[in-house]
Amino acid sequence: MSKLVTIFGGSGFVGRYITRRLAQDGWRIRVACRSPEEAGFVRTYGAVGQVEPVFCNIRNDDSVRSVTRGVDAVINCVGVLAESGKNTFKAVQAEAPGRIARIAREEAVTRMIQISAIGADSESASAYARTKAAGEAAVIEQMPGAVILRPSVVFGPEDEFFNRFAGMSRMGPVLPVVGADTLFQPVYVDDVAAAAVAALDDHTAQGVYELGGPDVATFRDLMHRMLAVVQRKRIVANIPFPIARLMAGGFGLLKTVTLGLVTPPLTTDQVRNLGVDNVVSDGARGLRDLGVTPTSIDSVLPDYLWRFRPSGQYTAIKNSAKNLKKS
């Protein structure tokens, strides 16, 4: 019988790619998520009954145990970029990974993969980075042979990075960013999935791997490359950190006044993160150590950002028509 894995957050951005790859490799998969009724699309990744969305509250021991019992491996992809209600950084990124690892050990699960993030640091000024580090430590304490994958900013068709700023580029002549000179090393989402599958299959793999693509660039340069793909001329304007902190504080106050009805476009914690380079450390193990060749940004962005071009899918046709008129 094929092996069984539980993927916490398996219907999310990174999780769905891991789910698809493991289904192709013949694994039976439990996709543990808060809303399984909204995750039915993952069933199509495998044969009938191979991939099953199941409810799980990662803040509850009994709920985690119910989806962990009887599996051969667990993968935790759950994380939050901003806190909302009970889904705080501490609850989701520090406590939940430790809970999953502890229960996995108690249930005699032999392998665990934890998706963390480059920048995880117990001494960071950012609560996001500190709780990522706390989650890693909790996992290793319970399952010393676990694999920790730390990706840089992840890009792909469903990302919240290039898609977000490409959408903003349609709103006016200026594209504002915070931390324009901060370095990033974007990694393709399917490369992260391939790394997770490789780490799961290779029982000699353990410890931390930092995942970055072949391109290291400033935030400003990444925005210019995105703008070239969507064929829009915009001024990339850097918002100084002191002003960004004031803006984030104002957005936070607005969220409090509206009892959470308004989602801040920028938080104080995000401003802190944007002040730190997000690249693979010197000497760190990475994608190639797991047998994965990194995918470049330029080979992927046109595949999903075309819809932000002025004429969308018809841009190429219109450009061809213009060339015909000139000739």
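Small disclaimer: the values here were computed from a predicted structure and weren't measured.

### A look at the overall build of the protein chain
- Helices and strands together make up the secondary structure of the protein chain, namely eleven helices and 13 strands.
- Against the compact-globule benchmark of 20 Å for 327 residues, the protein chain has a radius of gyration of 21 Å, which places it among compact chains.
- Dimensions of the protein chain, computed from C-alpha atoms along their principal axes, come out at roughly 70 × 50 × 40 Å.
- The buried share of the protein chain, reckoned over its 327 residues, is 50%.
- Considering only residue pairs separated by 6 or more positions, the protein chain has 76% of its internal contacts joining residues 24 or more positions apart.

### Observations concerning the pairing of strand β4 (residues 73–76)
- In β4, alternate side chains face the same way, and those of Ala-73 and Ile-75 on one face and Val-74 and Asn-76 on the other are all buried.
- At this point the chain moves from β4, through helix α3 (residues 89–106), to the parallel strand β5 (residues 111–115), and the crossover so formed is right-handed.

### Side note on the sheet that holds strand β1 (residues 4–8)
- One open sheet accounts for seven strands, arranged β3-β2-β1-β4-β5-β6-β11; its pairing is parallel. Two strands in the sheet have a free side with no partner beyond their single neighbour: β3 (51–55) and β11 (207–211). Pairwise comparison of adjacent strand axes, ignoring direction, gives a mean angle of 20° for this sheet.
- Helix α4 (residues 127–142) contacts β5 and β6 (147–151) of the sheet and is inclined by roughly 165° relative to β6.

### Details of the environment of Leu-211
- Structurally, Leu-211 is set in strand β11.
- The exposure class of Leu-211 is buried, given its relative accessible area of 0%.
- Measuring from C-alpha to C-alpha, the distance between Leu-211 and Ala-195 comes to 8.5 Å, with 16 residues separating the pair along the chain.
- The residues contacting Leu-211, other than those within four sequence positions of it, are Ile-118, Leu-149, Arg-150, Pro-151, Ser-152, Val-187, Val-192, Ala-195, Val-280, Gly-286 and Leu-287.

### Observations regarding unusual backbone geometry
- If you check the backbone angles, Ala-108 has positive phi at about 65° while not being a glycine.
- In this structure Ala-108 comes out as exposed when scored by relative accessible area, which is 59%.
- Here the phi dihedral of Gln-231 falls at roughly 60°; this positive angle occurs in a residue that is not glycine.
- You can see Gln-231 is positioned in the loop between α7 (219–230) and β13 (235–239).

### A word on the pairing of β6
- Along β6, five of the five residues are buried, which leaves the element largely enclosed by surrounding structure.
- Where burial is concerned, the two faces of β6 agree: the one with Val-147, Leu-149 and Pro-151 and the one with Ile-148 and Arg-150 are both buried.
- Here β6 runs beside β11; their pairing, made up of five bridges, is parallel. From the neighbouring strand, Val-147 faces β11, where its bridge partner is Gly-207.

Criteria and cut-off values
- Residues numbered from 1 in each chain as written.
- Predicted model: local features only at pLDDT ≥ 70, side-chain atom pairs only at ≥ 80, totals over all residues.
- Heavy atoms only, no water.
- Helix = DSSP H or I, 4+ residues; strand = E, 2+ residues; numbered from the N terminus.
- Rg over C-alpha atoms; globule rule 2.2 N^0.38 Å.
- Buried < 20%, exposed > 50% of the residue type's maximum accessible area, 1.4 Å probe, protein only.
- Contact = heavy atoms within 4.5 Å.
- Right-handed = clockwise from strand over helix to strand, strands pointing away.
- Pairing = 2+ DSSP bridges.
- Axes fitted to C-alpha atoms, helices over the stretch in contact; angles between N-to-C directions.

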